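These are the residues of each chain, in order.
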Amino acid sequence: AAHAVRFKLSWKRLGIIVAHLGVILLLVGEFVTGFAAREGHMTIDEGGSSNYVEDIRSSELAIIDPSDPADDLVVVVPQRVLARTGAPISHGLLPFQIRVDEWMPNSQILGPAQAPAAVKAKADAGAGTSLAAVPAAPATGVDDQGTDVASAYITLFRGNDRLGSYLVSVYLDEPQPVEVGGKVYGLQLRFKRTYKPYTLELIDFKHDKFVGTETARNFSSRLRLVDPARRVD
């Protein structure tokens, strides 16, 4: 307001102008980063490797066909489609149709003794026969839960045949088996993955401490990067 009413352009005010432009540039940069930046996590166990990063702010439903010994065929349904409950989801590569009965952007998993009977009845196949999911308030970023963990109840159909209702959740680490037409497929709700043309292997991880204390002094990792397309190893 003071600039609009009282400001007069002069060389004596150059320092003030530069300082204010710097602050404005920082604010604009934060907005651009917030809307356009893409972040990902690559989790690698020691001795293991990975070729994808995960976006913990978005989920996807993966249907995995492991019948080919060389490569898995994976079809993924993005979160924006899963959020449209009730609409059938189909694709030429999918062996069945999917209907999302309930979508929970954030959720909690309940054990057999915790879940009410009405919640248990939502699934009649897979992990949902012993576990249940209930909606939870969105994560705020300042509480104990730093990110939303999605869950959903879905029903699978093949033509007019109902294959069962399943609970899928990011909490569940392993794909659930679904047998269709003599083949077993994997069904998994997971964080959105972006695959890379290279592979990172974690050879060794070290957590050094100051002598005689539990205070961290240094973290270090020995990695192997393999990119066949560029002949890098």
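Residues numbered from 1 in each chain as written. Predicted model: local features only at pLDDT ≥ 70, side-chain atom pairs only at ≥ 80, totals over all residues. Heavy atoms only, no water.

## Examining the overall build of the chain
Looking only at helices and strands, the chain features four helices and 11 strands. For 233 residues, the compact-globule estimate of 2.2 N^0.38 gives 17 Å, and the chain exceeds it by more than 25% at 25 Å. Overall, the C-alpha framework of the chain stretches about 80 × 50 × 45 Å when taken along its three principal axes. With 25 positive and 27 negative side-chain charges, the chain shows a separation of 11 Å between the mean positions of the two kinds. (Helix = DSSP H or I, 4+ residues; strand = E, 2+ residues; numbered from the N terminus. Rg over C-alpha atoms; globule rule 2.2 N^0.38 Å. Lys, Arg positive; Asp, Glu negative; His and termini not counted. Charge placed at Lys NZ, Arg CZ, Asp CG, Glu CD.)

## Brief notes about the side chain of Q176
Assignment of secondary structure puts Q176 in strand β9 (residues 176–180). Looking at Q176, its side chain comes within polar contact range of the main-chain nitrogen of A127, at 2.8 Å. One polar contact links the side chain of Q176 to the main-chain carbonyl oxygen of L167, over a distance of 2.7 Å. For Q176, the residues in contact, after removing those within four places along its chain, are G126, A127, Y166, L167, V168, Y185, G186 and L187. (Polar contact = N/O pair within 3.5 Å; in protein donor to acceptor, adjacent residues only side chain to side chain. Contact = heavy atoms within 4.5 Å.)

## Looking at the pattern of salt bridges
Oppositely charged side chains are able to pair whenever their charged atoms sit close together. Tallied over the full model, the rule gives nine salt bridges. With its nearest N and O atoms 3.5 Å apart, the salt bridge here joins R57 to D55. We classify R57 as exposed; its relative accessible area is 52%. The salt bridge involving R99 is made with D101; its shortest N-O contact spans 2.7 Å. Note on R99: relative accessible area 30%, which makes it partly exposed. Through salt bridges with shared partners, a single network forms among E201, R224 and D233. (Salt bridge = Lys/Arg side-chain N within 4 Å of Asp/Glu carboxyl O. Buried < 20%, exposed > 50% of the residue type's maximum accessible area, 1.4 Å probe, protein only.)

## Considerations on a nonpolar patch on the surface
Side chains of L21, I24, V28 and V32 sit close together on the surface and give an oily, nonpolar patch of about 360 Å² of accessible area. Mapped onto the elements of the fold, L21 is located in helix α2 (residues 14–36). Given a relative accessible area of 51%, L21 falls into the exposed group. (Patch = residues over 30% accessible without salt bridge, like charges linked within 9 Å, V, L, I, M, F, W, Y side chains within 5 Å. Areas by Shrake-Rupley, 256 points an atom, 1.4 Å probe, with all protein chains shown as cover.)

## Details of the packing of aromatic side chains
The final tally for this structure, using the stated rule, is three aromatic pairs. A cation over an aromatic ring shows up here: R193 above the ring of Y52, its NZ or CZ 4.1 Å from the ring centre. (Phe/Tyr/Trp six-rings, centres within 6.5 Å; stacked < 30°, edge-to-face > 60°. Lys NZ or Arg CZ within 6 Å of the ring centre and 35° of its normal.)

## Here's the deal with the sheet that holds strand β3 (residues 88–89)
The strand order β3-β4-β7-β8 describes an open sheet built from four strands, whose pairing is antiparallel. Every interior strand has two partners, whereas the edge strands, β3 and β8 (161–169), have only one. Two strands pair when backbone bridges link them, and strand β4 (residues 97–104) and strand β7 (residues 151–158) are joined in this way by seven bridges, in the antiparallel orientation. Opposite E102, over in β7, you have Y153 as the bridge partner. (Pairing = 2+ DSSP bridges.)

## Quick word on a positive patch on the surface
Together, R38, R80, R84 and K192 make up a positively charged patch on the protein surface. Note on placement: R80 falls in helix α3 (residues 79–82). Given the relative accessible area of 61%, R80 is considered exposed.

## Things to note about unusual backbone geometry
Although it is not a glycine, R231 adopts a positive phi angle of roughly 55°. In this fold, R231 is placed in the segment after β11 (216–226). Residue classification places R231 among the exposed positions, given a relative accessible area of 80%.

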